[in-house]
2 protein chains.
Amino acid sequence: MSLSTPATSLRQRAIKAALGTIPFDCLLRNARVIDMVTGEIRDADVGLTGSMIASVHPCGKFTQTENVDDLAGALLSPGLIDTHVHIESSHLPPERYAEIVVAQGTTTVFWDPHELANVLGVEGVRYAVESSRGLPLRVICAAPSSVPSTPDLEMSGADFAGQEMETMLSWPEVAGVAEVMDMHGVLNGSERMLEILDAGLRSGKLIEGHARGLKGAELQAYLAAGVTSDHELTSAEDALDKLRAGLTLQIRGSHPYLLADIVAALNSLPHLSSQITLCTDDVPPDHLIEKGGLIALIKLLVSHGLRAEDALRMATLNAALRMQRADLGLVAAGRTADLIIFDSLETLNPLRVYVAGECVSHNGKLLFSPKAASGVVPPRDTMRLSPQVTSDFQLRIPGLKNGKARLRNIKGARFTQWSEVTVDVRDGIVQIPAGFSLIWVKHRHGRHDATPRMALLEGWGELRGAIATSYSHDSHNLVVLGRDPADMMLAANQLIASGGGMALSQNGTLLANVAMPIAGMLSDLPAENLAEQFKNLRELSAEIADWEPPYRVFKAIEGTCLACNAGPHLTDLGLTDGELREIVDPILEIWEDDA
Amino acid sequence: MSLSTPATSLRQRAIKAALGTIPFDCLLRNARVIDMVTGEIRDADVGLTGSMIASVHPCGKFTQTENVDDLAGALLSPGLIDTHVHIESSHLPPERYAEIVVAQGTTTVFWDPHELANVLGVEGVRYAVESSRGLPLRVICAAPSSVPSTPDLEMSGADFAGQEMETMLSWPEVAGVAEVMDMHGVLNGSERMLEILDAGLRSGKLIEGHARGLKGAELQAYLAAGVTSDHELTSAEDALDKLRAGLTLQIRGSHPYLLADIVAALNSLPHLSSQITLCTDDVPPDHLIEKGGLIALIKLLVSHGLRAEDALRMATLNAALRMQRADLGLVAAGRTADLIIFDSLETLNPLRVYVAGECVSHNGKLLFSPKAASGVVPPRDTMRLSPQVTSDFQLRIPGLKNGKARLRNIKGARFTQWSEVTVDVRDGIVQIPAGFSLIWVKHRHGRHDATPRMALLEGWGELRGAIATSYSHDSHNLVVLGRDPADMMLAANQLIASGGGMALSQNGTLLANVAMPIAGMLSDLPAENLAEQFKNLRELSAEIADWEPPYRVFKAIEGTCLACNAGPHLTDLGLTDGELREIVDPILEIWEDDA
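So, how was this worked out
Residues numbered from 1 in each chain as written. Chains lettered and ligands numbered in written order. Predicted model: local features only at pLDDT ≥ 70, side-chain atom pairs only at ≥ 80, totals over all residues. Heavy atoms only, no water. Helix = DSSP H or I, 4+ residues; strand = E, 2+ residues; numbered from the N terminus. Rg over C-alpha atoms; globule rule 2.2 N^0.38 Å. Buried < 20%, exposed > 50% of the residue type's maximum accessible area, 1.4 Å probe, protein only. Areas by Shrake-Rupley, 256 points an atom, 1.4 Å probe, with all protein chains shown as cover. Pairing = 2+ DSSP bridges. Axes fitted to C-alpha atoms, helices over the stretch in contact; angles between N-to-C directions. Arc of directions from axis to C-beta. pLDDT = per-residue confidence, 0-100. Least-squares fit on C-alpha atoms with pLDDT ≥ 70 in both. Contact = heavy atoms within 4.5 Å. Salt bridge = Lys/Arg side-chain N within 4 Å of Asp/Glu carboxyl O. Core = buried A, V, L, I, M, F, W, Y, C linked by side-chain atoms within 4.5 Å. Buried area = accessible area lost by both parts, 1.4 Å probe. Polar contact = N/O pair within 3.5 Å; in protein donor to acceptor, adjacent residues only side chain to side chain. Phe/Tyr/Trp six-rings, centres within 6.5 Å; stacked < 30°, edge-to-face > 60°. Lys NZ or Arg CZ within 6 Å of the ring centre and 35° of its normal. Parallel < 35°, antiparallel > 145°, perpendicular 65-115°, else oblique. Left-handed = near helix turned anticlockwise from the far one by under 90°. Nonpolar A, V, L, I, M, F, W, Y, C, P; charged D, E, K, R; others polar. Disulfide = S-S within 2.5 Å.

### A look at the overall build of chain A
Here comes step 1: When helices and strands are tallied, chain A shows 17 helices and 30 strands.
Here comes step 2: Taken over the C-alpha trace, chain A has a radius of gyration of 25 Å; the compact-globule value for 595 residues is 25 Å, and the two agree within 12%.
Here comes step 3: Its C-alpha atoms give chain A principal-axis dimensions of roughly 100 × 50 × 45 Å.
Here comes step 4: Considering chain A as a whole, with its 595 residues, one finds that 64% of them fall into the buried category.
Here comes step 5: A total accessible area of about 19,700 Å² is found for chain A, and carbon and sulfur atoms account for 48% of it.

### Things to note about the sheet that holds strand S28 (residues 574-577) of chain A
Within a beta sheet, neighbouring strands are joined by backbone hydrogen bonds and run either parallel or antiparallel to one another.
Residues and elements named next belong to chain A.
Here comes step 1: The antiparallel open sheet is built from three strands, whose spatial order is S27-S28-S29. Unpaired on one side and paired on the other, strand S27 (568-571) and strand S29 (582-584) mark the two borders of the sheet. This sheet shows a mean twist of 45° between the axes of neighbouring strands, independent of strand direction.

### Observations concerning helix H10 (residues 259-267) of chain B
Here comes step 1: Along H10(B), the positions that sit buried rather than exposed are Leu259(B), Ile262(B), Val263(B), Ala265(B) and Leu266(B). Taken down its axis, H10(B) places every buried residue within 165° of arc, on the same side.

### Section: the environment of Leu249(A)
Here comes step 1: Mapped onto the fold, Leu249(A) is located in strand S12 (residues 248-252).
Here comes step 2: Separated by 108 residues in sequence, Leu249(A) and Gly357(A) place their C-alpha atoms 30 Å apart.

### Overview of the confidence of the model for chain A
Caution applies to low-pLDDT parts of the model: their predicted coordinates are not meant to be read in detail.
Here comes step 1: Mean pLDDT over chain A works out to 95, with 99% of the residues at or above the 70 mark.
Here comes step 2: Across the predicted assembly, pTM comes out at 0.95 and ipTM at 0.94.

### Observations concerning the relation of the copies chain B and chain A
Here comes step 1: Overlaying chain B on chain A yields an RMSD of 0.1 Å, the required transformation being a rotation through 180° with an accompanying axial translation of 0.0 Å. Such values leave the two copies arranged in the relation of a two-fold axis.
Here comes step 2: In this assembly, 100% of the residues forming the interface of chain B have copies in chain A that are likewise at the interface, indicating an isologous arrangement.

### Points about unusual backbone geometry
Here comes step 1: Residues His473(A) and Asp474(A) are joined by a peptide bond in cis, for which omega reads -5°.
Here comes step 2: Following the sequence through the fold, Asp474(A) ends up in the loop between strand S23 (466-469) and strand S24 (478-482).
Here comes step 3: The peptide bond linking Val147(B) to Pro148(B) adopts the cis configuration, its omega dihedral lying at -5°.
Here comes step 4: In this structure, Pro148(B) sits in the loop between strand S8 (138-143) and helix H5 (162-169).
Here comes step 5: Of note, the phi angle at Leu348(B) is positive, near 50°, even though the residue is not glycine.
Here comes step 6: Examined against the element boundaries, Leu348(B) turns out to sit in the loop between strand S14 (339-342) and strand S15 (350-355).
Here comes step 7: On the basis of relative accessibility, which here comes to 1%, the residue Leu348(B) falls in the buried class.
Here comes step 8: Of note in this structure, His476(B) is not a glycine but carries a positive phi near 55°.

### Topic: the side chain of Thr248(A)
Residues and elements named next belong to chain A.
Here comes step 1: Note on placement: Thr248 falls in strand S12.
Here comes step 2: According to the relative accessible area criterion, Thr248 is buried, its value standing at 5%.
Here comes step 3: With residues up to four places along the chain from it excluded, the contact list for Thr248 reads Thr228, Ser229, Asp230, Gln275, Thr277 and Arg322.

### A few points about the pattern of salt bridges
Here comes step 1: The full count for this structure, using the stated rule, is 62 salt bridges over all chains.
Here comes step 2: A salt bridge links Asp286(B) to Arg538(B), with the nearest nitrogen and oxygen atoms 2.2 Å apart. With Asp286(B) in helix H11 (residues 285-290) and Arg538(B) in helix H16 (residues 527-544), the pair connects residues that are 252 residues apart, well separated along the chain.
Here comes step 3: Assessed through its relative accessible area of 3%, Asp286(B) is described here as buried.
Here comes step 4: Residues joined by salt bridges that share partners form a network here, namely Arg212(A), Glu232(A), Arg252(A) and Asp281(A).

### Re the nonpolar core
Here comes step 1: Counting residues in hydrophobic clusters, the biggest one holds 294 residues, and the most contacted among them are Leu266(A), Ile439(A), Trp460(A), Leu266(B), Ile439(B) and Trp460(B).
Here comes step 2: When near neighbours in sequence (up to four residues on either side) are disregarded, Ile439(B) contacts Ile410(B), Arg453(B), Met454(B), Ala455(B), Leu457(B), Val479(B), Val480(B), Leu481(B), Thr560(B), Cys561(B) and Leu570(B).

### Some words on the interface of chain B and chain A
Here comes step 1: Listed by partner, the interface residues are 56 residues for chain B and 56 residues for chain A.
Here comes step 2: A buried area of about 4,700 Å², summed over both sides, lies between chain B and chain A, and 58% of it is on carbon and sulfur atoms.
Here comes step 3: At the junction of chain B and chain A, the tally comes to two salt bridges.
Here comes step 4: Residue Arg244(A) pairs with Glu40(B) through a salt bridge whose shortest N-O separation is 2.7 Å.
Here comes step 5: The interface formed by chain B and chain A contains 15 residue pairs in polar contact (both at pLDDT 80 or more).
Here comes step 6: Elements with a minimum of two residues in the side of chain B that touches chain A: helix H1 (8-19), strand S3 (52-57), helix H6 (183-187), helix H7 (191-203), helix H8 (216-224), helix H9 (236-245) and helix H14 (317-322) of chain B.

### Description of the sheet that holds strand S28 (residues 574-577) of chain B
All names here are of chain B.
Here comes step 1: On the basis of which strands lie adjacent, the open sheet formed by three strands has the order S27-S28-S29 and antiparallel pairing. Sheet topology places strand S27 (568-571) and strand S29 (582-584) at the edges, where each strand pairs with a single neighbour. For this sheet, the mean angle separating the axes of adjacent strands, direction not counted, is 45°.
Here comes step 2: Of the strand pairs in this sheet, S28 and S29 are connected by three bridges, and their pairing is antiparallel. Residue Asp577 lies in a different strand from S29, and its bridge partner there is Glu582.

### Re the packing of aromatic side chains
Here comes step 1: Scanning the entire structure with this criterion turns up five aromatic pairs over all chains.
Here comes step 2: Aromatic side chains Phe24(A) and Phe62(A) sit 6.0 Å apart centroid to centroid with 70° between the ring planes, which places their arrangement in the edge-to-face category. Taken as a pair, Phe24(A) in strand S1 (residues 24-34) and Phe62(A) in the loop between strand S3 (52-57) and strand S4 (65-70) lie far apart in primary sequence, 38 residues in all. An identical accessibility class is assigned to Phe24(A) and Phe62(A); each is buried.
Here comes step 3: Positioned above the aromatic ring of Trp171(B), the side-chain terminus of Arg126(B) is 4.4 Å from the ring centre.

### Section: the packing of H5(B) against H7(B)
Packed helix pairs are specified by the crossing angle of their axes together with the interaxial distance, meaning the distance between the axes.
Residue and element names in this part refer to chain B.
Here comes step 1: One way to put it is that H5 packs onto H7 with a least axis distance of 8 Å and a crossing angle of 25°. Of the possible angle classes, the one that applies to H5 and H7 is roughly parallel. Considering how the two elements wind past one another, H5 and H7 form a crossing that is right-handed. Between H5 and H7, the residues in contact are Gly162, Gln163, Met165, Glu166 and Leu169 and Glu195, Ile196, Ala199, Gly200, Arg202 and Ser203, respectively.
Here comes step 2: Among the residues making up the contact of H5 with H7, the classes are represented as four nonpolar, four polar and three charged.

### Points about the side chain of Thr49(A)
All names here are of chain A.
Here comes step 1: Relative to the elements of secondary structure, Thr49 occurs in strand S2 (residues 41-49).
Here comes step 2: By relative accessible area, Thr49 is classed as buried at 1%.
Here comes step 3: Once you skip the residues sitting within four places of it in the chain, Thr49 turns out to touch Leu10, Arg13, Ala14, Ala17, Phe24, Asp25 and Ala54.

### Digging into H8(B)
Here comes step 1: Burial runs high along H8(B): seven of the nine residues are buried.
Here comes step 2: By the burial criterion, the buried members of H8(B) are Ala217(B), Leu219(B), Gln220(B), Ala221(B), Tyr222(B), Leu223(B) and Ala224(B).

### Focus: the environment of Leu457(B)
All names here are of chain B.
Here comes step 1: Along the polypeptide, Leu457 turns up in strand S22 (residues 453-458).
Here comes step 2: Look at Leu457 and you get buried, because its relative accessible area is 0%.
Here comes step 3: Along the chain, Leu457 and Leu438 lie 19 residues apart, while their C-alpha atoms are 5.5 Å from each other.
Here comes step 4: Not counting chain neighbours up to four residues away, the residues in contact with Leu457 comprise Ile410, Gly435, Phe436, Ser437, Ile439, Leu481 and Thr560.

### Some words on the environment of Leu367(B)
Residue and element names in this part refer to chain B.
Here comes step 1: Relative to the helices and strands, Leu367 resides in the loop between strand S17 (365-366) and strand S18 (403-411).
Here comes step 2: For Leu367, a relative accessible area of 47% corresponds to the partly exposed category.
Here comes step 3: Sequence separation between Leu367 and Asp572 is 205 residues, and the spatial gap between their C-alpha atoms is 44 Å.
Here comes step 4: Those residues within four positions of Leu367 in sequence are excluded, and the remaining contacts are Cys359, Val360, Ser361 and His362.

### With respect to the packing of helix H12 (residues 294-303) of chain A against helix H13 (residues 308-315) of chain A
Residue and element names in this part refer to chain A.
Here comes step 1: The geometry of H12 relative to H13 is characterised by a closest axis approach of 9 Å and an angle of 145° between their N-to-C directions. By crossing handedness, the relation of H12 to H13 is classed as right-handed. For the pair H12 and H13, contact is made by Leu294, Ile298 and Val302 and by Ala308, Ala311, Leu312 and Ala315, respectively.
Here comes step 2: When the residues that make up the contact of H12 with H13 are grouped by side-chain class, the tally is seven nonpolar, no polar and no charged.

### Focus: the state of the cysteines
Here comes step 1: According to the stated counting rule, one finds zero disulfides over all chains in the structure shown.
Here comes step 2: Note on Cys564(B): no disulfide assigned, nearest cysteine sulfur contributed by Cys561(B) at a separation of 11 Å.

Spelled out as structure tokens, the structure:
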């Protein structure tokens, strides 16, 4: 499919069709149009010409048309626009991701290929752009700004500064600077963030935010730098603060417990602003299929008391305004015919979806499997590591053979804290204390010698086996959690062999393995199969770690490596302190046993 | 003043000031900020750094600043943005126009220099761009699309098609295609309009509308062509139709009798859309000074029951969204410090105005007279005509010396109709019948031989003298109305001598004359003097024509020449029919007297 701007010749045809002198290509009859401008629901017929809406007119006014779709009073909405997503979190390449979300009504996404970029650099973003061509999903790319997210504390597969940003922003497919995660760099004037913001401001394109936890003076300073949106909302108060500060909100579904409060707060304002959009950010494949992406968020918002018309406006017209796309977001002549036919405002089931004037989906199923863009070779073999041996997973204290050591350790998971513990060392190996586990991170991008880093982990209990992943925000090094070196080695080597993915091992056996050979993060499988494998892996993770619900295990792993956040984290460079922005020596004190 | 985008170094200073580590350049204390996003009014201090807002924070939080402006609880609004104006209608060059409107709170205008373009072509637009530099008013230009407005029925000073449009759109100061007036050309696929729209669509810039009288299929077709806004509203129903069709409204003040109905209609909608902006279009100099420009419209809307916060949002944030200017429209960190301090929402008097961080106005008076941009030579000597003689103003029927003729004539003024009348011809000259007057148009741009065109005018009564103008939308040829050839000649020759303007004559005497030597449409006088002269001329026009109120005389002259509208009009090419799009022979029948 071609999702490019309508040519003048197409517009000439649309003008004639609107005037009634030639037939429409398709006439959607007896629609109830959800008018995102006025908030009304209006009866109308909608005539399409090629990829465009040519006319919205009274029911029955025109009959000349090549094809008819009788909506019989069903609702007609513009296609949904997701203003911030990392497609990588679905572990699907764009064509398979499109197959799922388009059937749910999402017709445009603003993809921040931050994860691909952290593995592959500018080439990863180029892959995102090129692999998105010809799909029934309008993919607009953002230029990742945080590669790595926390310079000096971690290494990913590339380093972006001004020049890389300029290169990416020069591409027409790239609409802006992706979420600016290095808040510390912005507020402290790091040379790299200066260059990146400068390139963004000079391009005139969007500058997307990641204002996690920012408030007061820091929030104001972050806006002063030129950032204009945020999706990292932590409470209704935080959402209102950011709305009032002038940021465009990108409310996301990944933190559903916040939504009731956010809806109540928005409903209490004198005016429901156009500066509120919706996004999915990170959705794993099984959730994407079972619960849905943007549509699930819309339903949640409605269930919490937001008018359905208002929720849909956030995901359509408001998003188009944010994206400065006057061709999207409305059921109106002259705009692109990206449309959803919904059964009702109560149930919001997408009966049919049109993309660029073509009906591509019936009852939640795409009518065809989108093909991968021709000529694009997915990037494989990105696990630049040789097989590991058991001793690679033994924590040692340099120079200490037998004795005790007092070590700094990581406590907690998603919100980590510093703690310390005294351990026994036997034959040079730290004996993991009762109630503790080990986290192990190894650089996998071939950019340094890749000494494995290890730290003791408190609050995860005693892991019964190992969990390994090559998908660990943001640097996507190889991360293994466990207690038993043999199990940890087994899971790690499985990922090295399969080009990346996620694996579980226990008692010398591989419990589960999801291969993600593209960039160590995307699967080759059809979405349904991947989702099944992924769900199985996630459920089996409960055999190893006591987390409820089990899907939090993987969120927790990410939390434990996200060096850009406050608290201690383990990266490929060592144990980091998010406040001090330093790498910290874990050894506080050692006592050698008396000989 | 420099109104360009803030440099990175400025943003770095703003970040530091927001964080409290260096002083603000100016701190606006104890403001009540009108929050255009939430509709709230919030207490805050606002710190400025250079041209930017660096921080909006709780009152008293910071004290470090170079300068203080204590608002003592006055309201703080973003500067007003006029989304469609022809500055030429004020007959002031931009620096003098700025002096008036900035003091009223207008800090940004989207200028369609359509009138200059019709006299001077691309050079006229270049003059608009260059004469707007360095002013305390942010002037964004549009590229006139309708030069002339009605090709083949009139000639102006230039002909624009695709190439001229491309040239203008390539300039960074030009943000879009100006109001597309040739609706007929758009709907019928004229080659010229195809090229112009194509250039606009390819540029990715705005395409502004003029959808006068369009509804139903024609309105839909006009949108299908790519036009996205309209200011030519003729009723509340028309406004709602266009809002629902998906056009961004530009509600204008020049038709105040519509506003009560429009406000009632907008207030009845479930949602008050961001797709509603405000504009002034054409405001004569005395009205601009006495009543005001955009601020007068806002007050009118409020008087009709629109919430003041909503009216102000239309003129600020909504306009910034329309203009795709994320740097304008909000009192928020990171945006440009274009600000108004209002006394109250009830009276909306601008106590002070800040432009790009600098206080430029106190109590409705600018603190300095903006200078004309240096190095810009205003275009003069554009009346390419030699002095006329009395016989030039005598209507003749070719080949008829004495007898009668049945002639087509123009009936009415602003909305003209066809009529016919039988006249006596004596010595080759048509004797103007009782109750009729004469309209005379002569090409003044030196592009053809300039045979004067004449037609009989019904419904104006018997003019007692002559009214002449070189400012007659849209081609700005020399237009004279009257009955007496000597008076008509006197007024015409005065304009030819003074390089253009407006003049009244009666009984061989010049009653009034306003010289507009720049392009035949702009005055050299200070605004107050021009307004006084202009008001005097307008009031004296009541001596010549029986129109109440007298200012309608000049609107009526424009209406009589606007060949793009329906009905008969006289242009430099002859008598035109707006429906048939043809030039029409006025002679229906002749009878020679028996010899």
